[in-house]
Amino acid sequence: MARPRWADAGIALALSAAAWLLYHPILRLWWTYDDFYHFRHLITGRPGWYLFDGAEFRRLESKVLTPLLFLSLDVDRRLCGLHAYPFYFHQLVAFSLCPVAIYGVLRLWLRRLWALVGAWVFLIGPVIAALAPLLFVRHYIEAILLGALAVMAWVGALRQTGGRAWALAWLSAVLYFAAAMAKE
């Protein structure tokens, strides 16, 4: 039983490394597209407005409810200032965990090879290649990661009994709520 887990861990590590190798050039980027627009709202708004102030979201021109995006960017801003590198580093770390989480979800139902193929197709797909370098769409990356983790926790809850099942069900609900906060 230990060998299959080591194989899955090795594949997960390889997927994460592949994501890093494919997309590490984003670490050299500076602010692009809507980054200044988001920073204007973060800097001029009250601390934590994105979690508690619906009126502020109505003031946004995009009219979308994405509190996780603003929370994620605001944490980076408060920890690192307005230097672009830490923002992209955070983005790349979150992104490199996505194919691992997708592989984990697919392994719940598929053989190792097909789960790897699914995670690889995700990793090299044109939509993901377009998302990876854009900070203002980080909420999609975080929603993919949190959503995959929520599915794994839910399936784990269905396969367990007793208190552990309830703990996994609650974890799944919390992860799903967090993923939902990434996109209305």
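Fair warning: this is a prediction, and the values are worked out from it, not measured in the lab.

Rules behind the numbers
- Along each chain, the written sequence defines residue order, and numbers are assigned to residues from 1.
- Note on the predicted model: pLDDT of at least 70 is required for a residue's local features to be given, and 80 or more for side-chain atom pairs to be given and counted; whole-chain, interface and lining totals, by contrast, use all residues.
- Values shown for side chains rest on all heavy atoms present in the structure; no hydrogens or waters enter the calculation.
- Numbering of helices and strands runs from the N terminus, with a helix taken as a DSSP run of H or I at least four residues long and a strand as a DSSP run of E at least two residues long.
- In what follows, a contact means two residues having at least one pair of non-hydrogen atoms within 4.5 Å.
- To get an axis, fit a line to the C-alpha atoms, keeping to the stretch in contact for a helix; angles then go from 0 to 180 degrees between the N-to-C directions.
- Left-handed describes a crossing whose near helix is turned anticlockwise from the far helix by less than a right angle; the clockwise case is right-handed.
- The nonpolar class holds Ala, Val, Leu, Ile, Met, Phe, Trp, Tyr, Cys and Pro. Asp, Glu, Lys and Arg form the charged class, and all remaining residues, Gly among them, are polar.
- Residues belong to a common nonpolar core when they are buried Ala, Val, Leu, Ile, Met, Phe, Trp, Tyr or Cys residues joined through side-chain atoms within 4.5 Å.
- Relative accessibility decides the category of a residue: with a 1.4 Å probe and only protein chains considered, values under 20% of the type maximum give buried, values over 50% give exposed, and everything between is partly exposed.
- Salt bridge, as used here, is a side-chain nitrogen of Lys or Arg placed within 4 Å of a carboxyl oxygen of Asp or Glu.

Caption draft 1: The overall build of the protein chain, seen in detail. Helix and strand counts for the protein chain stand at ten helices and zero strands. Starting at the N terminus and ending at the C terminus, the protein chain contains elements arranged as α-α-α-α-α-α-α-α-α-α. When its C-alpha atoms are laid out on the principal axes, the protein chain stretches across 55 × 40 × 25 Å. Put simply, 71% of the contacts in the protein chain that link residues at least 6 apart link residues at least 24 apart.

Caption draft 2: Up close: the packing of helix 6 (residues 84-107) against helix 9 (residues 138-159). Axis separation between helix 6 and helix 9 bottoms out at 9 Å; the angle between their running directions is 35°. Our pair here, helix 6 against helix 9, has a crossing hand that is left-handed. Packed against helix 6, whose contacting residues are Phe87, His90, Gln91, Ala94, Phe95, Leu97, Cys98, Ala101, Ile102, Gly104 and Val105, the element helix 9 presents Arg138, Ile141, Glu142, Ile144, Leu145, Ala148, Val151 and Met152 at the interface. Residues of the contact of helix 6 with helix 9, tallied by class, amount to 14 nonpolar, three polar and two charged.

Caption draft 3: Examining the side chain of Ser172 more closely. When you line up the elements, Ser172 lands in helix 10 (residues 163-180). Non-local contacts of Ser172, meaning those with residues more than four positions away in its chain, are made with Ala150, Ala153 and Trp154.

Caption draft 4: Focus on the nonpolar core. Core analysis: the biggest nonpolar cluster contains 43 residues, and Tyr23, Leu42, Trp49, Phe70 and Phe95 have the highest contact counts within it. Sorting the residues of this core by element identifies helix 1 (2-23), helix 2 (35-44), helix 3 (49-52), helix 5 (67-80), helix 6, helix 7 (112-124), helix 8 (126-131) and helix 9 as the ones contributing at least two each. Each residue touching Trp49, except ones within four places of it in the same chain, is listed here: His41, Leu42, Glu56, Phe57, Leu60 and Phe70. One finds Leu68, Ala143, Leu146 and Ala179 within the second-largest nonpolar core, a separate group that totals seven residues.

Caption draft 5: Local environment of the environment of Leu106. For Leu106, the position within the fold is in helix 6. Take Leu106: its relative accessible area is 23%, and that puts it in the partly exposed class.

Caption draft 6: Examining unusual backbone geometry more closely. One non-glycine residue with positive phi stands out, namely Tyr33, at about 45°. Looking at the secondary structure, you find Tyr33 in the loop between helix 1 and helix 2.

Caption draft 7: Broad picture of the environment of Leu92. Mapping Leu92 onto the fold places it in helix 6. We classify Leu92 as buried; its relative accessible area is 0%. Spatially, the C-alpha atom of Leu92 lies 28 Å from that of Phe52, the residues being 40 residues apart in sequence. With near-sequence residues (within four places) excluded, Leu92 lies in contact with Ala19, Trp20, Tyr23, His24, Ile26 and Leu27.

Caption draft 8: Broad picture of the pattern of salt bridges. In this structure the tally under the stated criterion is five salt bridges. A salt bridge links Asp74 to Arg78; its shortest N-O distance comes to 3.2 Å. Here Asp74 pairs with Arg78, and both are found in helix 5, just four residues apart, close to one helical turn. Exposure remark for Asp74: the relative accessible area of 2% places this residue in the buried category. Of the charged contacts, one joins Arg138 and Asp76 as a salt bridge, the two residues approaching to 2.7 Å between their closest N and O atoms. A residue pair is termed long-range when its members are at least 10 positions apart, and Arg138 in helix 9 and Asp76 in helix 5 qualify at 62 residues. Exposure class is identical for Arg138 and Asp76. Each is buried. When salt bridges with common partners are traced through the structure, they connect Asp8, Arg107 and Arg112 into a single cluster.

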